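Inside the fold
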Amino acid sequence: MLKISHLEFTHKDAKHSYTYTMNLEEKEIVGILGESGSGKSTFLDLVAGFSTSSSGSIELDTQVLTQMSVEKRPITILFQSHNLFEHLTVQKNVLLGVSKVLKENIEDVNKVQGILKEVGLEEYEHTQVSKLSGGQQQRVALARVLIRREPILLLDEPFSGLDIATRLEMLDLVQTITIENKIHTIMVTHDIEDCKRIANHVYKMQNNTLVEQ
Amino acid sequence: MFKNYQRIKFSLLPGTLISLTLLTFAFVLFYTLYTSQENLVFTQIEPRVWLLLKFTVYQAFLSTLFSLVVGMLLAWSLAHQAKFRGRSWLVALFSSSLVLPTLIVVFGLITVLGRNGWVNQVSLYLFDYSFGAYLYGLGGILVAHVYLNASFASRSLLHSFESIPKEKYKLAKSLNFTTFQRFMYVEWPVLKPTLLSIASTIFLLCFTSFAIVLVLGGSPAYNTLEVAIYEAVKLDFDIAMALKLALIQLGLTTLLVVFSANFRTHISNLKTATQAIAWEEKREVKYLQRGIIFLFTLFFILPLFAIVVDGLGADFSKILQEKLFIKSFFTSMGLATLSSIITLLFAILLSDAKRNLSLRYRLEDLPFSKLFNIVLSFSGNLYLAIPSLIMGLGFFLLSQRYEAPLALWSTVALLTANVLMSLPFAQSVLAPAMQRTAQRYDRLVFSLNLTKIQRWVYVEYPYLKSSLGYVFALAFCFSLGDLGMIALFGSDEFSTLPWYLYQLMGSYRSSDASGVALILLVITLSAFIFLPKLFGGNHVKD
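Residues numbered from 1 in each chain as written. Chains lettered and ligands numbered in written order. Predicted model: local features only at pLDDT ≥ 70, side-chain atom pairs only at ≥ 80, totals over all residues. Heavy atoms only, no water.

1. Brief notes about the overall build of chain B
Along its length, chain B carries 22 helices and 0 strands. Against the 2.2 N^0.38 benchmark of 24 Å for 542 residues, chain B shows a C-alpha radius of gyration of 24 Å, consistent with a compact globule. Viewed in the frame of its principal axes, chain B has a C-alpha envelope of about 70 × 70 × 55 Å. Going through the 542 residues of chain B one by one, you find that 57% of them count as buried. Sequence-distant contacts in chain B: of pairs separated by 6 or more residues, those separated by 24 or more amount to 83%. With an accessible surface of roughly 24100 Å², chain B has 67% of that area assigned to carbon and sulfur atoms. (Helix = DSSP H or I, 4+ residues; strand = E, 2+ residues; numbered from the N terminus. Rg over C-alpha atoms; globule rule 2.2 N^0.38 Å. Buried < 20%, exposed > 50% of the residue type's maximum accessible area, 1.4 Å probe, protein only. Contact = heavy atoms within 4.5 Å. Areas by Shrake-Rupley, 256 points an atom, 1.4 Å probe, with all protein chains shown as cover.)

Here is the structure:
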């Protein structure tokens with residue numbers, strides 16, 4: 001279980017202070033709604049470790065994540081854009097999830113091929129990602145999520161730039177990945193329809209506090 | 001819409017006329033150079049010319065390499081150390097290297113690193129050892145080129161670092177990248193295109209560098225083509241040799257300009273991003289970055305500080321009463337004012353014509369619009385192919401053919417050189433800004449049927465005033481500090497501040513030279529900081 005208790009963040013100007021509390025089982029998806037600037041993305045930054053909370057805790061089962069550095073947290077994050085290295089091929093972008101030196105180890109390459117098949121991109125293995133469509137690029141990013149097999153997945157409005165059909169397809173893919181890989185997924189979105197489609201729980205930022213709907 | 005089409009078509013005219021004038025000027029210059037000597041033999045290039053050519057390329061190559069390495073390290077350090085106090089001032093100071101008169105830089109470097117400079121004096125005092133006159137020769141040329149160009153490169157590269165989306169850094173951090181991997185996968189792909197264009201610009205600037213080589217070259221072994229042309233005209237009166245060298249240089253610079261094709265200097269004004277990159281550096285990397293910033297700041301500030309310290313000891317009551325100083329001061333200010341006004345006007349009209357030809361709903365569908373656009377760009381970048389000494393030689397030959405007072409020829413020659421020198425920079429700032437304004441407001445302006453004047457008052461000026469002010473200040477400072485054309489036309493009757501300073505340095509009047517150097521430095525930096533404010537401060541935010 002992912003347990004986030006009274007996580008508090010105060011802005012430098014000290015005018016805004018946010019509080020977040022939520023529990024999430026594996027294979028579950030939480031949707032977070034809220035106005036622009038309401039503190040949704042700040043929450044993801046705190047969970048990922050890009051920002052530091054003034055109090056509260058984040059625990060995954062028995063593991064305490066609150067004081068861990070970004071790179072040590074068992075988390076994968078997906079943004080609306082800039083999830084990939086455009087000058088590299090699909091294969092290398094996915095490979096970066098497990099190997100930083102990009103040496104083509106047969107075992108890893110086979111793993112990448114298998115995962116690309118899962119996300120329907122097997123024929124694009126050696127294509128430069130800048131040549132893919134927006135939907136295909138997000139599939140590559142999801143393929144990297146799969147290869148990393150981290151138990152927490154954070155999604156920061158990752159599909160809001162896509163057309164409706166592709167967007168629904170991607171949401172379903174996220175749901176499948178979450179269930180099959182026993183992941184805890186937190187999805188920040190503007191669109192309540194996204195939540196209705198795949199979220200097990202919906203939270204909303206109200207008066208600087210995360211509240212379950 | 002038809003009315004607007006006609007209006008836009010008509011607005012091509014001023015830009016086209018300017019472009020034609022510039023190209024005709026280049027043709028007349030080239031023709032004058034080519035036809036002025038009947039017995040010009042090109043089949044044979046003497047060993048001396050080969051040596052000149054070899055050294056010119058060699059020093060330009062090394063200067064470019066070192067400037068890029070230093071500039072890259074500095075930009076990398078500044079990008080990742082975004083929180084220290086005074087950072088924005090430091091970045092603004094490094095940006096000023098673009099407008100610092102080269103002679104001032106040389107003067108400051110000699111004061112710090114010269115035979116009797118601060119470094120040697122401290123070393124003699126502490127260790128009883130002097131490094132000697134290492135500043136004269138290739139070493140000095142490289143140090144001065146790196147001083148000017150590394151800071152210029154760092155400013156442009158910092159802009160590239162800051163354009164990297166913060167999500168990319170977050171992604172890299174979550175993937176546990178090392179500092180090196182972060183550089184290779186996140187930063188290098190963004191820097192590479194900028195680096196190529198900066199490299200070609202720096203190489204061209206160093207290839208045609210004049211004042212630095214003239215003063216620090218020391219001996220003929222360290223002469224470049226540009227200095228050899230000057231010596232052939234001014235010292236040896238060997239016009240045939242000067243012409244031969246000029247045509248070789250013209251051929252090479254034209255080739256370089258064509259090869260480097262897109263002269264995009266990525267000049268931006270002094271503002272810098274304040275949002276820090278979400279990446280806490282490891283302690284050793286942090287110390288390395290801070291060390292790099294400290295060392296370069298020391299290297300950059302010491303010569304300027306030396307000018308101030310030495311300059312304050314000068315006898316200003318004597319300097320300010322010297323007739324030649326007063327004459328040089330007013331000539332410099334007058335020329336700088338005129339040439340910055342003309343540069344601004346030319347840059348606006350050329351950029352306006354260019355945007356007309358590159359926007360789909362304007363005149364992009366005109367026949368040959370792309371070719372026309374290239375011609376417009378080329379005419380604005382003429383200076384890169386025809387540096388001021390070659391231009392000066394052309395004017396010198398023209399002045400012998402067509403009699404007129406020398407002061408008139410000198411004024412025309414200096415004005416032309418100053419305007420052409422500033423135009424590439426002016427265009428690289430204004431053209432993209434004007435294009436953006438058109439893309440954003442054309443439809444609205446056309447639908448409201450605003451006149452040209454209304455358009456300028458309500459749309460263009462509010463959005464462009466910061467760029468206009470920056471271009472005006474750049475052109476003013478470039479003109480104020482140039483020692484290229486004046487080196488051929490300078491005399492007791494016609495002198496500018498840099499020429500006067502050069503004369504003082506040559507006649508070993510060090511104290512007076514220090515005073516004049518300080519005056520020139522203060523005027524240049526004040527102009528660079530305060531002239532943009534004449535245009536009304538901050539522009540409307542995008």
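2. Here's the deal with helix α6 (residues 138-163) of chain B
In a regular helix each residue adds 1.5 Å, so 26 residues correspond to 38 Å; α6 of chain B covers 36 Å between its end C-alpha atoms and thus fits that length. A bend of about 30° at Val146 of chain B is the largest found in α6 of chain B. (Expected span 1.5 Å × (residues − 1). Bend = angle between axes of the 7 residues up to and from the residue.)

3. Considering the domain arrangement of chain B
All names here are of chain B. Assigned domains within chain B: domain 1 (1-35 + 315-542) and domain 2 (64-312). Look at where the C-alpha atoms of domain 1 and domain 2 centre, and you get two points 24 Å apart. Every contact between the two is made by 48 residues of domain 1 and, on the other side, 45 residues of domain 2. Summed over both partners, the interface of domain 1 with domain 2 buries about 4200 Å², with 81% contributed by carbon and sulfur atoms. If you sort the residues of domain 1 by the area they bury against domain 2, Leu384, Leu389 and Leu521 come out on top, with a joint share of 14%. Remark: the boundary between domain 1 and domain 2 carries 0 salt bridges. Applying the counting criterion to the domain 1 and domain 2 interface returns 3 residue pairs in polar contact (both at pLDDT 80 or more). Counting only elements with at least two residues in the side of domain 1 that touches domain 2, the list comes to α1 (2-35), α16 (382-385), α17 (388-401), α18 (406-448), α19 (452-481), α20 (485-489), α21 (497-506) and α22 (510-530). With 11 residues, α22 is the single largest residue contributor to the side of domain 1 that touches domain 2. Here the side of domain 1 that touches domain 2 is composed, by residue class, of 36 nonpolar, 12 polar and no charged. (Domains from an automatic or database assignment. Buried area = accessible area lost by both parts, 1.4 Å probe. Salt bridge = Lys/Arg side-chain N within 4 Å of Asp/Glu carboxyl O. Polar contact = N/O pair within 3.5 Å; in protein donor to acceptor, adjacent residues only side chain to side chain. Nonpolar A, V, L, I, M, F, W, Y, C, P; charged D, E, K, R; others polar.)

4. Comments concerning the interface of chain A and chain B
Taken together, the 21 residues of chain A in the interface contact 15 residues of chain B. Across the interface of chain A and chain B, roughly 1800 Å² is buried in total on both sides, 66% from carbon and sulfur atoms. Run the count over chain A and chain B and you get 3 salt bridges. One can count 4 residue pairs in polar contact (both at pLDDT 80 or more) joining chain A with chain B. For the side of chain A that touches chain B, the class distribution of residues is 10 nonpolar, 5 polar and 6 charged.

5. Considering the side chain of Ser160 of chain B
With respect to the helices, strands and loops of the structure, Ser160 of chain B is situated in helix α6. For Ser160 of chain B, a relative accessible area of 7% translates into the label buried.

6. As for the pairing of strand β3 (residues 29-33) of chain A
When a strand is regular, its side chains alternate between the sheet's two faces. All names here are of chain A. Of all the 5 residues making up β3, 5 are buried; the element is thus mostly covered by neighbouring parts of the structure. Of the two faces of β3, the one holding Ile29, Gly31 and Leu33 and the one holding Val30 and Ile32 are both buried throughout. Summarising the sheet, β3 and strand β8 (residues 184-188) pair through 4 bridges and their orientation is parallel. In the sheet register, Ile29 faces β8, and the bridge partner there is Thr185. Note: β3 against strand β9 (residues 201-206), 4 bridges, orientation parallel. Following the sheet pairing, Gly31 is matched in β9 by Val202. (Pairing = 2+ DSSP bridges.)

7. Some remarks on α21 of chain B
All names here are of chain B. Of all 10 residues in α21, 8 are buried, a share of seventy percent or more. Within the sequence span of α21, burial applies to Leu497, Pro498, Trp499, Tyr500, Leu501, Tyr502, Leu504 and Met505. Phi for Tyr508, located one or two positions after α21, is positive at around 55°.

8. A short note on the nonpolar core
One broad rule of soluble globular proteins: the nonpolar side chains tend to lie buried together. The biggest cluster of nonpolar side chains holds 208 residues, and the ones touching the most others in it are Phe43 and Ile186 of chain A together with Met391 of chain B. Here this core spans two domains, and each of domain 1 (1-35 + 315-542) and domain 2 (64-312) of chain B adds at least three residues to it. The residues touching Ile186 of chain A, leaving out its near neighbours within four places in the chain, are Leu2, Ile4, Met22, Leu24, Val30, Ile32, Phe43, Leu44, Leu153, Leu154 and Leu155 of chain A. Of all hydrophobic cores here, the second largest spans 35 residues; its members include Leu78, Leu95, Val112 and Ala199 of chain A. (Core = buried A, V, L, I, M, F, W, Y, C linked by side-chain atoms within 4.5 Å.)

9. Points about the pattern of salt bridges
Taken as a whole and judged by the stated rule, the model has 18 salt bridges over all chains. For Lys173 of chain B, the salt bridge identified is with Glu71 of chain A, shortest N-O distance 3.6 Å. Of this pair, Lys173 of chain B sits in helix α7 (residues 166-174) while Glu71 of chain A sits in the loop between β5 (63-64) and β6 (75-78), which puts the two residues in different chains. The exposure class of Lys173 of chain B is buried, given its relative accessible area of 13%. For Glu71 of chain A, a relative accessible area of 26% gives the class partly exposed. Taking the shortest distance from any N to any O, the salt bridge between Glu460 of chain B and Arg455 of chain B comes out at 2.7 Å. Arg455 of chain B carries the same exposure label as Glu460 of chain B, and that label is buried.

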